[in-house]
Amino acid sequence: LDYQHVQVPFEITLWIMLASLAKIGFHLYNKLPSVVPESCLLIFVGLIMGGIIYGLNDKSPPVMDSDIFFLYLLPPIVLDAGYFMPSRPFFENIGTILLYAVVGTIWNVFGIGFSLYGICQVKAFRLQDVSLLHNLLFGSLIAAVDPVAVLAVFEEIHVNEKLHILVFGESLLNDAVTVVLYKLFRSFCEMPTIKSVDVFAGVGKFFVVGLGGVLVGLSFGMTAAFTTRFTKDIRVIEPLFVFLYSYLSYLTAEMFHLSGIMAIIACAMGMKRYVEANISLKSHTTVKYFMKMWSSVSDTLIFIFLGVSTIGENHEWNWPYICFTVIFCLVWRALGVLVLTFFVNRFHVNTITSKDQFIIAYGGLRGAICFSLVFLLPDFHRKKLFIAATTVVILFTVFVQGMTIRPLVDLLAVKRKRESAPTVGEQIHIRFLDHLLAGIEDISGHWGQYYWKDKLEYFNSKYLQKILLREYDQPKSSIVLLYEKLERKHAIELAEAGQLGHTLPHPSFLCSGFLCSNSDRTVVTDQKLEDTLNLDVLENIQEILARNLYRIRRMGPAYNRHTLPGETEPGEHAKEILILRHRSL
Amino acid sequence: SVSHSQITRLYSRFTSLDKGENGTLRWVSSRIQLTCISYAKTDLLKWLCREDQVNFRGFMRTLAHFRPIEDNEKSKEQNGPEPLNSRSNKLHFAFRLYDLDKDDKISRDELLQVLRMMVGVNISDEQLGSIADRTIQEADQDGDNAISFAEFVKVLEKVDVEQKMSIRFLH
C-alpha cells in the first residue's frame, strides 16, 4: 500500500469529491435550497466533517491554509464574477459602488475598531491588553464584505439588477481598501513609533494598490485579446489563454503587493469583448463551462473548509468581545449605508429606496476572506480571541442573515429581477436613447456618463478594435447579435417541432402541433394544408408562427452558479431552415 | 421649471454654439461636428427642435424634456397640463425622433434609417431589413406593419425611461 506516494493528490481529490457529492445531495431534496441557502448547508457539512476528524485524531483538524485559499480557491470565483459581470449596470452605478466600497469600508473599519477599543477599556471584561492598534487591525479584516458569501446568497434570491450589482460590486471592489488597511495596520503593529508621514503614505498606497491592480489587469487583458487574434488555426487551446492570462494577472498583482482581485476583474472585463469576438463558438462554450465548474468547486470547498476549521482548539471565548463585535458590525454597516445613500441620492438621478438600503445593509455578509486574513495575523497572545470572534461573525452572517434574507425580501416586497424575454426592439431603442443622451449631454455642455461612454466607444472603434480583433471589419453590434441569437432559437424550435430531415416540415404537422395549443385568432383551413408547399402558404404559415409563437427561452441570470447563460448551438438543419426562411420571406 | 443659475449656464452654452445673429442658431455643421460616432449629431439638434433655426426658447424647451422627475411633482394635481419631463412626454419626444414624416407611426423605412446609422456599415441591406421586420413584428399589435406611439410605449414599458432620459444639471 503506497499511500505516501499519492497522498496529496488523493486527499485533494477526495475533498473535491465530497464537496460535489454534498452538492448533489442538497439538490435531491427540492425544498431544502429554497429555505436554507447552500452556503449554510456546506458549512454544516464542514462542521460535521471537522467533528469527525477531531473525534478520530483528537487534535485540531487541518486549518485552511491561507495560501491555498488566496492562491487557488479565490481566483476562480472572482474570475467567474468578473467575466460574467453585466457591464452596463455595473458602469452605470460605478460611482455609487466605489463610494460604498471605499468610503463605506473605511467608515466601517474605523467605526468597529474604535468602538471595540472602547469596549476593551471596560475593566470587567478583562480585555485591557488589547491595544487600539490591534483593534483597528481586527476592524480592518472584519469590516469588508465578502464576495464569495454575497454571491452565494444573493444569486438565490433574485433581487432587482441594480441592488444586486451594488452589493456585489461593492464586495469586489473593497478588496483594495482591505488589503491596504490590513497591511498598514499590521506594519504599524511592528513599528515602534508611528509618524503622520506613515499615515499619509498609507493613503497614497491605497491609490497605488487599487489603480495599480486595475492597470495590471487591463494590460494582461489586452495581451490576451491580442493573443487570441492569432489562434485561428489552433482552436483547441483558445480557452486556455483566457484562464492563463487571468490567473497571471492575479499572481502578478499579488507579487507586487497590489490588489489581485481588482486585477483579475479588470482583466476579465477588459478582454471579454475582444476575446469573444475572436474565439470560436465552441471555445466560448468551453470557457463558460470551465469557469462555472471551477468557481463552483472553489466555492463549495471554501465553505466546507470554513466549517472544518471552526472545530478545534483555536479559539478563546471571550463572550463580551464577541457579542459586541457582532453588534458593532451590524450597527456600523447600517449607519454607513444610511449616510452614504443620503449623499448618493442627492447627486444622482438613480435614487436608492429605503427598502433597497435595508437589503444593502443586511446583505453585508462576511466570509472566507476575513477568516484567512485572521489566520495570517502575526502570533500574539490575543490571536485566538480574534479567531473566535471572526468565526462567530462569519457564522452569524452566513447562517442568520443568509437564511433570513429571503423571507425579508419577500416580506418587504423588494423589487425583483424582471423576468422577461429580450426583444430586438427594446435593444434598439435603448441604444438609440444612449446616442440621444450622449448628444444632449454634449450639447448642454454636461459631461455625464453617456458622454464618456460615447468617447470610449469612439476610442474603441478607432484604435482598439483594429489591433485586437482578428477580422478587420467591425464586430457585429449587440443588436445584430441579439437578432441572430433569437433567430437561431426560433429556427431550432421550428426544427424540433418538425422532427425532420432536410425538407421543410409539412405544414399540417407543424400546425397541428402548434396551433392547437394556441388560443388564437387565425385558422388555417384543411384545404390549404393539403396543398403542396407553395411559397405563399409557407410564408403565411411562417408569418403566423412568427407572430404567435414567440416562446423564447428565458435567459437565465448570468451570475447563476448552476446554469449557464442561455446558449444553444445551431444544428446543421436549423441553419438550413434559417436560410430557407430568409429566402422565402 | 428650471432654476435661474441653470438658465444662465445654458444660455452661455447656447451662445457658444451659436454662429449667427440675434440668438438664433444656424446650422454650421463644422461647429457641431465634434469627433463622436454617435448618430447624426449634426442632425440631432435639427431634429430636436424640429426646425431649421432654433432660438434659445426652443433649445430650452427641448432640454426641459430631460429634467429628472422629482418626487414632489408626482403629487401635483392631475388637471394641470402635464409637465414636459413626464414619462409619457419623454417617450413622445423619442418617438418623434424616429418618426420623420410626422405621421405618428414609425414605418419600416424610418426604422431602417435609424438602424443603418446605429448598426454600422458592414451589415447587408437584406439583413438590416430582416432586423427591422422582426422589430416591427415584435411590437406590432394592430397589424398595420408600423409602430404607433402606443405600441412604442408598450415595448419600452419595462425600461426605466425616467431615469435613463434624465440629466441632472448641477450647480
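Chain B goes by CHP1 protein in an unreviewed UniProt entry, where it is assigned to Nyctibius bracteatus. Recorded in UniProt for chain B, the comment headed Sequence similarities (unreviewed entry) runs: "Belongs to the calcineurin regulatory subunit family. CHP subfamily."

Going by the annotation in an unreviewed UniProt entry, the name recorded for chain A is Sodium/hydrogen exchanger, with Nyctibius bracteatus given as the source organism. Its UniProt record gives chain A the following Subcellular location (unreviewed entry) comment, quoted word for word: "Basolateral cell membrane".

### As for the overall build of chain A
A tally of regular secondary structure across chain A gives 24 helices and zero strands. Classification of the 585 residues of chain A by burial places 54% in the buried group. Put simply, 82% of the contacts in chain A that link residues at least 6 apart link residues at least 24 apart. Element-wise, carbon and sulfur atoms account for 66% of the exposed surface of chain A, whose accessible area totals about 27,100 Å².

### Brief notes about unusual backbone geometry
Where the residue is not glycine, phi is negative for most of them; where a peptide bond is considered, it is trans in most cases. Although it is not a glycine, His257(A) adopts a positive phi angle of roughly 60°. For His257(A), the position within the fold is in the loop between helix H11 (238–255) and helix H12 (260–278).

### Description of helix H7 (residues 132–142) of chain A
Residue and element names in this part refer to chain A. Within H7, ten of the eleven residues are buried, which leaves it mostly tucked inside the rest of the structure. Of all the positions in H7, only Leu-133, His-134, Asn-135, Leu-136, Leu-137, Phe-138, Gly-139, Ser-140, Leu-141 and Ile-142 are classed as buried. Buried residues in H7 make contact with helix H6 (94–121), helix H9 (161–190), helix H14 (319–347), helix H16 (368–375) and helix H17 (383–412).

### What to know about the UniProt feature "domain: EF-hand" (unreviewed entry) in chain B
Mapped onto the present numbering, the UniProt feature "domain: EF-hand" (unreviewed entry) falls on residues 86–121 and 127–162 of chain B. For residues 127–162 of chain B, the end-to-end C-alpha separation is 32 Å, with 61% helix and 6% strand making up the annotated structure.

### Points about the domain arrangement of chain A
Residues and elements named next belong to chain A. Partitioning chain A into structural domains gives domain 1 (3–412) and domain 2 (424–484). Centre-to-centre, using C-alpha coordinates, domain 1 lies 33 Å away from domain 2. Of the residues lining the interface, 15 residues belong to domain 1; the matching set on domain 2 comes to 16 residues. Buried surface at the junction of domain 1 and domain 2, both sides included, amounts to about 1,300 Å², of which 44% is carbon and sulfur. When the buried surface of domain 1 facing domain 2 is broken down by residue, Arg-88, Arg-229 and Tyr-274 rank first, second and third, together holding 46% of it. Here domain 1 is connected to domain 2 by zero salt bridges. Put simply, domain 1 and domain 2 have zero residue pairs in polar contact (both at pLDDT 80 or more) between them. When contributions to the side of domain 1 that touches domain 2 are tallied by element, the ones reaching two or more residues are helix H5 (87–92), helix H10 (196–228) and H12.

### Describing a nonpolar patch on the surface
Residues and elements named next belong to chain A. Nonpolar side chains collect at one region of the surface, where Trp-107, Ile-327, Val-331, Leu-335, Leu-338, Val-339, Phe-342, Phe-343 and Phe-347 lie side by side and expose about 820 Å² of accessible area between them. The biggest single contributor to the nonpolar patch is H14, with eight residues. In this fold, Leu-335 is placed in helix H14. Overall, Leu-335 belongs to the partly exposed group, its relative accessible area being 37%.

### Here we look at the packing of aromatic side chains
Residue and element names in this part refer to chain A. Inspection of every chain in the model, using the stated rule, returns 20 aromatic pairs over all chains. Look at Phe-110 and Phe-185: their rings are 6.2 Å apart centre to centre, the planes differ by 80°, and that puts the pair in the edge-to-face class. Taken together, the positions of Phe-110 in helix H6 and Phe-185 in helix H9 put the pair 75 residues apart, joining distant regions of the chain. Looking at Phe-110, the relative accessible area reads 32%, which means it is partly exposed. The ring of Tyr-83 carries Lys-272 above its face, with NZ or CZ at 5.4 Å from the centroid. Sitting over the face of the ring of Phe-84, Lys-292 holds its NZ or CZ atom 4.3 Å from the ring centroid.

### Remarks on the environment of Tyr54(A)
Relative to the elements of secondary structure, Tyr54(A) occurs in helix H3 (residues 38–57). With 228 residues separating them in the primary sequence, Tyr54(A) and Lys282(A) have C-alpha atoms 46 Å apart.

### Some remarks on the side chain of Ser283(A)
Residues and elements named next belong to chain A. Here Ser-283 shows up in helix H13 (residues 281–310). Residue classification places Ser-283 among the buried residues on the basis of a relative accessible area of 4%. In terms of polar contacts, Ser-283 uses its side chain to reach the side chain of Glu-238, at 2.8 Å. Side chain to side chain, Ser-283 and Ser-280 meet in a polar contact 3.1 Å long. Setting aside residues up to four positions removed in sequence, Ser-283 forms contacts with Arg-235, Glu-238 and Pro-239.

### Some points on the packing of H14(A) against helix H15 (residues 354–362) of chain A
Residues and elements named next belong to chain A. Two elements in contact, H14 and H15, have axes whose closest approach is 9 Å; the angle formed by their N-to-C orientations is 140°. Compared by their axis directions, H14 and H15 come out oblique. Note that H14 runs across H15; the crossing there is right-handed. Facing H14, whose interface residues are Arg-333, Ala-334, Val-337, Leu-338, Thr-341 and Asn-345, H15 presents Gln-357, Ile-360 and Ala-361. A breakdown of the residues in the contact of H14 with H15 according to their chemical character gives five nonpolar, three polar and one charged.

### Some thoughts on the side chain of Ser298(A)
Residues and elements named next belong to chain A. If you trace the backbone, Ser-298 turns up in helix H13. Among the polar contacts made by the side chain of Ser-298, one reaches the main-chain carbonyl oxygen of Leu-73 at a distance of 3.1 Å. Excluding residues within four positions of it along the chain, Ser-298 makes contact with Tyr-72, Leu-73, Pro-76 and Ile-77.

### Here's the deal with the environment of Phe114(A)
Residue and element names in this part refer to chain A. Structurally, Phe-114 can be placed in helix H6. Considered as a pair, Phe-114 and Leu-133 are 19 residues apart in the sequence and their alpha carbons are 9.4 Å apart. With residues up to four places along the chain from it excluded, the contact list for Phe-114 reads Leu-132 and Leu-136.

### A few points about the pattern of salt bridges
Any two side chains of opposite charge can pair, given that their charged atoms come close. Residues and elements named next belong to chain A. Applying the stated criterion across every chain yields a total of four salt bridges over all chains. The partner of Arg-333 in a salt bridge is Glu-170, with the nearest N and O atoms 3.2 Å apart. Here Arg-333 is found in helix H14, whereas its partner Glu-170 is found in helix H9, with 163 residues between them in sequence. Under the relative-accessibility criterion, Arg-333 is labelled buried at 3%. With a shortest N-O distance of 3.0 Å, Arg-235 and Glu-238 are connected by a salt bridge. Arg-235 sits in the partly exposed class, given a relative accessible area of 29%. Among the residues examined, Glu-238 registers a relative accessible area of 0% and is labelled buried.

### Notes on helix H8 (residues 147–154) of chain A
Residues and elements named next belong to chain A. In terms of burial, H8 is a largely internal element, eight of the eight residues being buried. Within H8 the residues assigned to the buried category are Pro-147, Val-148, Ala-149, Val-150, Leu-151, Ala-152, Val-153 and Phe-154. At the N-terminal end of H8, a side-chain oxygen is found 3.2 Å from the backbone nitrogen of Val-148, two or three residues along, and the residue is Asp-146.

### Quick look at the confidence of the model for chain B
Residues and elements named next belong to chain B. Per-residue pLDDT for chain B has a mean of 63; in total, 43% of the residues score no lower than 70. At the low end of the mean pLDDT range in chain B sits helix H2 (residues 29–32), at 30; at the high end sits helix H9 (residues 149–155), at 81. A low-confidence stretch, residues 19–42 (pLDDT under 50), is modelled with 53 contacts involving residues beyond four sequence positions or located in other chains. Taken together, the stretch residues 71–80 has pLDDT below 50 and engages in three contacts with residues farther than four places along the chain or on a different chain. Scoring the predicted complex yields pTM 0.74 and, for the interface, ipTM 0.74.

Calculation rules
- Residues numbered from 1 in each chain as written.
- Chains lettered and ligands numbered in written order.
- Predicted model: local features only at pLDDT ≥ 70, side-chain atom pairs only at ≥ 80, totals over all residues.
- Heavy atoms only, no water.
- UniProt positions renumbered as here; feature names shortened; annotations may be inferred.
- Helix = DSSP H or I, 4+ residues; strand = E, 2+ residues; numbered from the N terminus.
- Buried < 20%, exposed > 50% of the residue type's maximum accessible area, 1.4 Å probe, protein only.
- Contact = heavy atoms within 4.5 Å.
- Areas by Shrake-Rupley, 256 points an atom, 1.4 Å probe, with all protein chains shown as cover.
- Domains from an automatic or database assignment.
- Buried area = accessible area lost by both parts, 1.4 Å probe.
- Salt bridge = Lys/Arg side-chain N within 4 Å of Asp/Glu carboxyl O.
- Polar contact = N/O pair within 3.5 Å; in protein donor to acceptor, adjacent residues only side chain to side chain.
- Patch = residues over 30% accessible without salt bridge, like charges linked within 9 Å, V, L, I, M, F, W, Y side chains within 5 Å.
- Phe/Tyr/Trp six-rings, centres within 6.5 Å; stacked < 30°, edge-to-face > 60°.
- Lys NZ or Arg CZ within 6 Å of the ring centre and 35° of its normal.
- Axes fitted to C-alpha atoms, helices over the stretch in contact; angles between N-to-C directions.
- Parallel < 35°, antiparallel > 145°, perpendicular 65-115°, else oblique.
- Left-handed = near helix turned anticlockwise from the far one by under 90°.
- Nonpolar A, V, L, I, M, F, W, Y, C, P; charged D, E, K, R; others polar.
- pLDDT = per-residue confidence, 0-100.

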